[in-house]
Amino acid sequence: MRNPKHKYLVIPGPVEVRPEILDAQAEWMIGHRSTAFADLYARLQGKLKQAFLTDSRVIVMGSSGTGLWEGASRNCIRDGKKALHLVGGAFSERWADVSEMNGKEVDRVTVEWGQAHTPEMVAEALQKASYDAVCVVHNETSTGVTNPIKDIAAVVRQNNDDTLVLVDSVSGFLGAELRVDEWGIDFALTSSQKAFGLPPGIAFAACSDRVLERAAQVKNRGYYFDFLEIEKSGLKNNTPSTPPIALMYAADMQLDAILSEGLDNRWARHTQLRDMTHTWTHSRGLGLFAQEGYRSPTVTAVANTKNFSVDDMAKFMGGKGYSMDKGYGKIKGKTFRIAHMADMQPSILEDILSGLDEFLETV
Ligand SMILES: *Cc1c(COP(=O)(O)O)cnc(C)c1O
């Protein structure tokens, strides 16, 4: 039986997962070398390619998104070459660290938390040095900023053919517009527990042929995230090691719902949720932390201009059955985030915002 004390998750991951999707995980196990598994794998590939808008393969990993950061850095950056990391929040900082910890040389284009990266900044950096990859976070979950990925990718592709465009769309994918092939993205990674609306533990990445060609030139790709090994198995609708089968059942069902909603409708629903959140924030005299014009459709970082205790807010909302975020890292308390992603509907958001109204009357 489910926990009757469960609070609906308004935190930016893991997000609330629909009961049918949780139940899909309880299907009988199958062996991963069986025909039934190959069918599941092939079925998922078809749906994932539609979701990423790519004709390339989609890597499916038993890991969180962090694992695919490491995989991307190791497979795409050659010895003696460098990566350019666009840094402007907790997650983009951490990905740059991951590249360095894997022995890669990294240059950073750093903006203040809450600011976006522009294509001009990237063009300028590409004038000064050559890079094996540009690594950019689509939706910086810590600050609520969405970067202009389409324009950034265009600048990189115009510059030269050797630089791969690697995108972390962990909290953007399936909430914010992302067109992998059309925008010239080589690698777009995500994990399950954000706008995808799945439990944590499985990660996905659209992976171009260019990435595999690069990987073939990298000596030490590591073992678990060796994209060439993953490709070899993938061609046989299989995986090198045991995959998270229960989560793949859940993904299979969730992708049906996502594709029947339609990507355009899904992106529009997220924009509507964002706009509702902004309207509420403005009308209550609170601020928005992210730069105007780059505010995320999946998560809003509310600037706590009233200086109330976010702990009190979270406690109050807990009493209403909602689990709230209290802000991330160095902006914790000065901001708090309202996640409006995955399967959240406007009616639920309305209830959350009216709960917050009741809290504001107490401060
Ligand atoms: C959550 C998040 C990550 C980390 O993903 P995990 O699945 O927790 O490893 C990376 N990047 C962004 C933008 C995120 O929001």
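Here the structure is a predicted model, which means the values were calculated and not measured.

Draft legend 1. How the structure looks around the sheet that holds strand 10 (residues 203-207). A sheet is described by the order of its strands in space; here seven strands give the open sequence 2-10-9-8-5-3-4, paired in mixed fashion. Among the strands making up the open sheet, the edge pair consists of strand 2 (57-61) and strand 4 (105-110). Put simply, the sheet's adjacent strands are angled 20° from each other on average, direction ignored. When strand 5 (residues 133-137) meets strand 8 (residues 164-168), the two strands line up parallel, connected through five bridges.

Draft legend 2. Highlighting the nonpolar core. Among the nonpolar cores identified, the biggest contains 50 residues, and Leu48, Phe52, Ile185, Phe196 and Phe204 are the most heavily contacted of them. It is helix 9 (residues 245-261) that contributes the most residues to this core, eight residues altogether. The contact partners of Leu48, leaving out residues within four places of it in the chain, are Val58, Val60, Phe196, Phe204 and Leu255. Judged by nonpolar contacts, the second largest core, of 27 residues, contains Ile59, Leu68, Phe91 and Leu212.

Draft legend 3. Quick peek at helix 12 (residues 346-361). Taking 1.5 Å of rise per residue, the 16 residues of helix 12 would be expected to cover 22 Å, and the 23 Å separating its terminal C-alpha atoms lies within 8% of that figure. Here helix 12 has its buried residues at Pro346, Leu349, Ile352, Leu353, Gly355, Leu356, Asp357, Phe359 and Leu360. Tucked into the core, helix 12 has its buried residues touching helix 10 (263-283), helix 11 (310-319), strand 13 (322-323) and strand 14 (335-339).

Draft legend 4. Fine view of empty space enclosed by the protein. By the definition in use, this model includes three cavities of 30 Å³ or more. Taken as a whole, the largest cavity holds about 100 Å³ of empty space. Looking at the largest cavity, the residues that line it are Val60, Met61, Gly62, Tyr224, Ile230, Thr239, Pro240, Ser241, Thr242, Pro243 and Pro244. Split into classes, the residues belonging to the lining of the largest cavity amount to seven nonpolar, four polar and no charged. The space that makes up the second largest cavity amounts to roughly 60 Å³. Surrounding the second largest cavity, 13 residues form its lining, Gly88, Ser92, His117, Glu140 and Asn147 being those nearest its centre. When its residues are assigned to classes, the lining of the second largest cavity shows five nonpolar, seven polar and one charged.

Draft legend 5. Summary view of the site of the ligand. By nearness alone, 14 residues border the ligand, and Ser64, Thr66, Thr141, Asp168 and Lys194 come closest of all. At 2.6 Å, a side-chain N or O of Asp168 approaches a nitrogen atom of the ligand. Here an oxygen atom of the ligand sits 2.7 Å away from a polar atom, N or O, in the side chain of Lys194. For the ligand, whose free accessible area comes to 380 Å², the fraction covered by protein is 91%. Here the element with the most residues in the shell around the ligand is helix 3 (residues 65-76); it accounts for three residues. Split into classes, the residues belonging to the shell around the ligand amount to four nonpolar, eight polar and two charged.

The rules we used
Residues numbered from 1 in each chain as written. Predicted model: local features only at pLDDT ≥ 70, side-chain atom pairs only at ≥ 80, totals over all residues. Heavy atoms only, no water. Pairing = 2+ DSSP bridges. Helix = DSSP H or I, 4+ residues; strand = E, 2+ residues; numbered from the N terminus. Axes fitted to C-alpha atoms, helices over the stretch in contact; angles between N-to-C directions. Core = buried A, V, L, I, M, F, W, Y, C linked by side-chain atoms within 4.5 Å. Buried < 20%, exposed > 50% of the residue type's maximum accessible area, 1.4 Å probe, protein only. Contact = heavy atoms within 4.5 Å. Expected span 1.5 Å × (residues − 1). 1 Å grid on protein atoms, 1.4 Å probe; cavity = no way out; pocket = protein on both sides within 12 Å on 5 of 7 lines; lining within 4 Å. Points joined across faces, edges and corners; volume = space filled by probe spheres on them. Nonpolar A, V, L, I, M, F, W, Y, C, P; charged D, E, K, R; others polar. Near = heavy atom within 4 Å. Polar contact = N/O pair within 3.5 Å; in protein donor to acceptor, adjacent residues only side chain to side chain. Areas by Shrake-Rupley, 256 points an atom, 1.4 Å probe, with all protein chains shown as cover.

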